[in-house]
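# Structure at a glance
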Amino acid sequence: MRFTLYIAGDTARSRRAVVNFRRLADQRFSGRYELRVVDVQRQPERAEEERILTTPTLVREEPEPRRRVTGDLTDAEQVMVALALGGEEEDNG
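I will try to describe carefully the structure that is included in this document. If you're wondering where the values come from, they're calculated on a predicted model, not measured in any experiment. (Residues numbered from 1 in each chain as written. Predicted model: local features only at pLDDT ≥ 70, side-chain atom pairs only at ≥ 80, totals over all residues. Heavy atoms only, no water.)

### Comments concerning the sheet that holds strand β2 (residues 34-39)
Under the convention used in this document: At least two DSSP bridges between two strands are needed for those strands to be called paired. Helix numbers and strand numbers start at the N terminus; a helix is a DSSP run of H or I with at least 4 residues, a strand a run of E with at least 2. Helix axes are fitted to C-alpha atoms over the stretch in contact, other axes to C-alpha atoms as well, and angles between N-to-C directions run from 0 to 180 degrees. Residue contacts are counted whenever heavy atoms from the two residues lie within 4.5 Å of one another.
If you walk across this open sheet you meet the 4 strands as β2-β1-β3-β4, and the pairing is mixed. The outermost strands of the open sheet, each flanked by one partner alone, are β2 and β4 (67-70). Strand-to-strand, the axes of this sheet are offset by a mean angle of 20°, without reference to chain direction. The pairing of strand β3 (residues 57-62) with β4 spans 4 bridges and is antiparallel. Across the sheet, the residue bridging to Thr 57 is Thr 70, located in β4. With respect to the sheet, helix α1 (residues 12-29) is in contact with β1 (2-7), β2 and β3, its orientation differing from that of β1 by roughly 165°.

### Re the pairing of β2
Each regular strand carries side chains that alternate between the two faces of the sheet. The condition is simple: Every crossover in which the path from the first strand over the helix to the second runs clockwise, viewed with the strands pointing away from the viewer, is termed right-handed.
Both β1 and β2 contribute to a ladder of 6 bridges, which runs parallel. Each residue of the ladder has a partner; that of Thr 4, found in β2, is Arg 36. For the handedness criterion, the β-α-β arrangement of β1, α1 and β2 is classed as right-handed.

### A few points about α1
Put simply, the rule reads: In a helix, the anticipated span is given by 1.5 Å times the number of residues less one. For the exposure calls, accessible area comes from a 1.4 Å probe over protein chains only, and a residue counts as buried if that area is under 20% of its type's maximum, exposed if over 50%, partly exposed in between.
The end-to-end C-alpha separation of α1 is 25 Å, in line with the 26 Å expected for 18 residues at 1.5 Å each. Three or more residues of α1 are buried, namely Ser 14, Ala 17, Val 18, Asn 20, Phe 21, Leu 24, Ala 25, Arg 28 and Phe 29. In this structure, the buried residues of α1 make contact with β1, β2, β3 and α3 (76-82). Ser 30, located one to two residues past α1, shows a positive phi value of around 50°.

### Focus: the packing of aromatic side chains
In plain terms, the rule: Think of it this way: a Phe, Tyr or Trp ring, Trp meaning its six-membered ring, pairs with another when their centres are within 6.5 Å, and the plane angle makes it stacked under 30 degrees, edge-to-face over 60, tilted otherwise.
Counting across every chain of the model gives 3 aromatic pairs. Ring geometry for Phe 21 versus Tyr 33: centroids 5.6 Å apart, planes at 90°, classification edge-to-face. Taken together, the residues Phe 21 in helix α1 and Tyr 33 in the loop between α1 and β2 connect sequence positions 12 residues apart. Residue classification places Tyr 33 among the buried positions, given a relative accessible area of 17%. Taken together, the ring pairs connect Phe 3, Phe 21, Phe 29 and Tyr 33 into an aromatic cluster.

### Re the environment of Arg 68
This is how the line gets drawn: Polar contact is defined as a pair of N or O atoms within 3.5 Å, subject to the rule that within protein one atom must be able to donate a hydrogen and the other to accept it, and that residues adjacent in sequence are counted only when both atoms are side-chain atoms.
With respect to the helices, strands and loops of the structure, Arg 68 is situated in strand β4. Sequence-distant contacts of Arg 68, that is, excluding residues within four places in its chain, are made with Glu 50, Arg 51, Ile 52, Thr 57, Leu 58, Val 59, Ala 82 and Leu 83. Looking at Arg 68, its side chain comes within polar contact range of the main-chain oxygen of Arg 51, at 3.3 Å.

### Brief notes about the side chain of Thr 4
Inspection of the secondary structure puts Thr 4 in strand β1. By relative accessible area, which is 0% here, Thr 4 ends up buried. Engagement of the side chain of Thr 4 in a polar contact is seen with the side chain of Glu 61, the distance being 3.0 Å. With residues up to four places along the chain from it excluded, the contact list for Thr 4 reads Arg 36, Val 38, Arg 46, Thr 57, Leu 58, Val 59 and Glu 61.

Listed below in structure tokens is the structure:
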């Protein structure tokens, strides 16, 4: 699985989103994922290309279709549902 997390600067909210996603992904995907973090303040063209209007925004790039969720990713179940990754059944693959 491949994800891109769009953040805006080195803020507490941005750091929290990264930590929350890594925790979720390590638990649910057993570390089998790729995460790219894009700071839209440093790469505004990427945000424009992807139509990122709010941050943090997590985009599931693969598997397709692409899905996205915004916020600091605190609610793991909500993130899983928003990304169409199901719930507990995803724990083992």
